[in-house]
Amino acid sequence: MHLAGRRGGCSNVAVDRIAVLAEFDDQMRRNPAAELGTDVEREERVTRIISGEDGWSGVLWTDLTETDAEAVIGAQVRRFAELARPWEWKYYSYDQPAGLPGRLQAAGFVPDPAETLMVAAIADLNVNVSPPAGVELVPVTDADGAAAVMRVHHEVFGGDHSAIGAAIMAAQELQPRPVEAVVAVAGDTAISAGRVEFPQHSDFASLWGGGTLPGWRGRGVFRSLVAYRAQLARDRGYRYLQVDASSDSRPILQRIGFTELAKTTPFRYSEY
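On a predicted model such as this, the values are computed, not experimentally measured, just so you know.

### Considerations on the nonpolar core
Then step 1. In this structure, A205, L207, V226, A233, L241, L253 and F258 are the most contacted members of the largest nonpolar core, which totals 20 residues.
Then step 2. Mapped by element, the contributors of at least two residues to this core are β6 (115–121), β10 (204–212), α6 (221–235) and β11 (240–245).
Then step 3. No other element matches α6, which puts four residues into this core.
Then step 4. In this structure, L253 is in contact with M118, F222, V226, V243, A245 and F258, ignoring residues within four places of it in sequence.
Then step 5. By size, the runner-up hydrophobic cluster in this structure holds 17 residues, among which are A69, V77, F80 and Y269.

### Let's talk about the pattern of salt bridges
Then step 1. Inspection of the entire model under this criterion finds 19 salt bridges.
Then step 2. A salt bridge links D112 to R268, with the nearest nitrogen and oxygen atoms 2.7 Å apart. With D112 in the loop between β5 (110–111) and β6 and R268 in strand β12 (residues 259–269), this pair connects stretches of sequence that are 156 residues apart.
Then step 3. For R268, a relative accessible area of 30% puts it in the partly exposed group.
Then step 4. For K263, the salt bridge is made with E260, and the minimal N-O distance between the two is 3.7 Å.
Then step 5. A single network of salt bridges, built from pairs that share partners, joins E41, E43, R48, R79 and E82.

### Observations concerning the packing of aromatic side chains
Then step 1. Counted according to the given criterion, the structure contains 11 aromatic pairs.
Then step 2. A centroid spacing of 5.2 Å and a plane angle of 85° characterise the contact between W87 and F109, whose relative ring orientation is edge-to-face. Of the two residues, W87 sits in strand β4 (residues 87–92) while F109 sits in the loop between α3 (100–106) and β5, which places them 22 residues apart along the sequence.
Then step 3. We classify F109 as buried; its relative accessible area is 3%.
Then step 4. Here the aromatic cluster, defined as three or more aromatic residues joined through ring pairs, consists of F24, Y92, Y94, F204 and Y240.
Then step 5. Geometry around W216 places R219 over its ring, the cationic atom sitting 4.3 Å from the centre.

What counts and how
Residue positions are given per chain, counting from 1 as you read along its sequence in written order. Note on the predicted model: pLDDT of at least 70 is required for a residue's local features to be given, and 80 or more for side-chain atom pairs to be given and counted; whole-chain, interface and lining totals, by contrast, use all residues. Each side-chain value is worked out from all heavy atoms of the structure, with water and hydrogens disregarded. To form a nonpolar core, buried Ala, Val, Leu, Ile, Met, Phe, Trp, Tyr and Cys residues must be joined to one another through side-chain atoms within 4.5 Å. Buried residues are those whose accessible area, probed at 1.4 Å on protein chains only, stays under 20% of the maximum for their type, while exposed residues exceed 50% and partly exposed ones sit between those limits. Only runs of H or I of at least four residues qualify as helices and only runs of E of at least two qualify as strands under DSSP, and these elements are numbered from the N terminus. We call two residues in contact whenever any of their non-hydrogen atoms come within 4.5 Å of each other. By salt bridge we mean one thing: a side-chain nitrogen of Lys or Arg within 4 Å of a carboxyl oxygen of Asp or Glu. Between 30 and 60 degrees the pair is tilted, below 30 it is stacked and above 60 it is edge-to-face, where a pair is any two Phe, Tyr or Trp rings, Trp via its six-membered ring, whose centres lie within 6.5 Å. In this scheme, the term charge over a ring applies when either NZ of a lysine or CZ of an arginine sits within 6 Å of the ring centre and within 35 degrees of the ring normal.

Shown next, in the form of structure tokens:
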């Protein structure tokens, strides 16, 4: 089991928020494992992720001060200029110094809408939640399923989600799969979709997607997708689920047992 030997943690996220946030910061930001198609670059005060053209690249963790923030920001801009592609600075509300968002904007970064970092202890979640009548949860195992995920994401979120489809398909060739995706289907129509990522050497599995077509919202589809993916993560031995929640999903996740740990904002740098 890949989690063997991890340090002990907290069984109640709501009570031990500070301790769980410290575990998340260490495992998922400062010391992530290099996944398929990515390189992790670590310096004393910075952790970067470098991916291929279809993957996510950016600054994942920093430990900055008032005196060195501008110099480190400039060094990251120069490093990613070598790649000549868009990238992000993944900012969390507890990152220092306090004025870091303003410094990033002054350096040419553009913030996307803030999301809420939420975590749940899987042992505290109800994973036996069925979808509403007439809806079936179908695991993604082929190109048609990956296409359904992209189609739902396009309808719900807009934008180009071909990179997600490519990542899902690449994961099909690996065992154990680093990503599992699921589609909620009503009749012949895909109405919701999401995926769960399984980082190596971590206690945290990550939920992504979960968007539902407007006509099906408020019926329990989203909640059943969360429970389905929580069960997958539990079966693999993960202790926590992590989500960067939108304002729409945050109240649902709170009701089913997730706790807010921080706010997170992607700052985009896209001069290339």
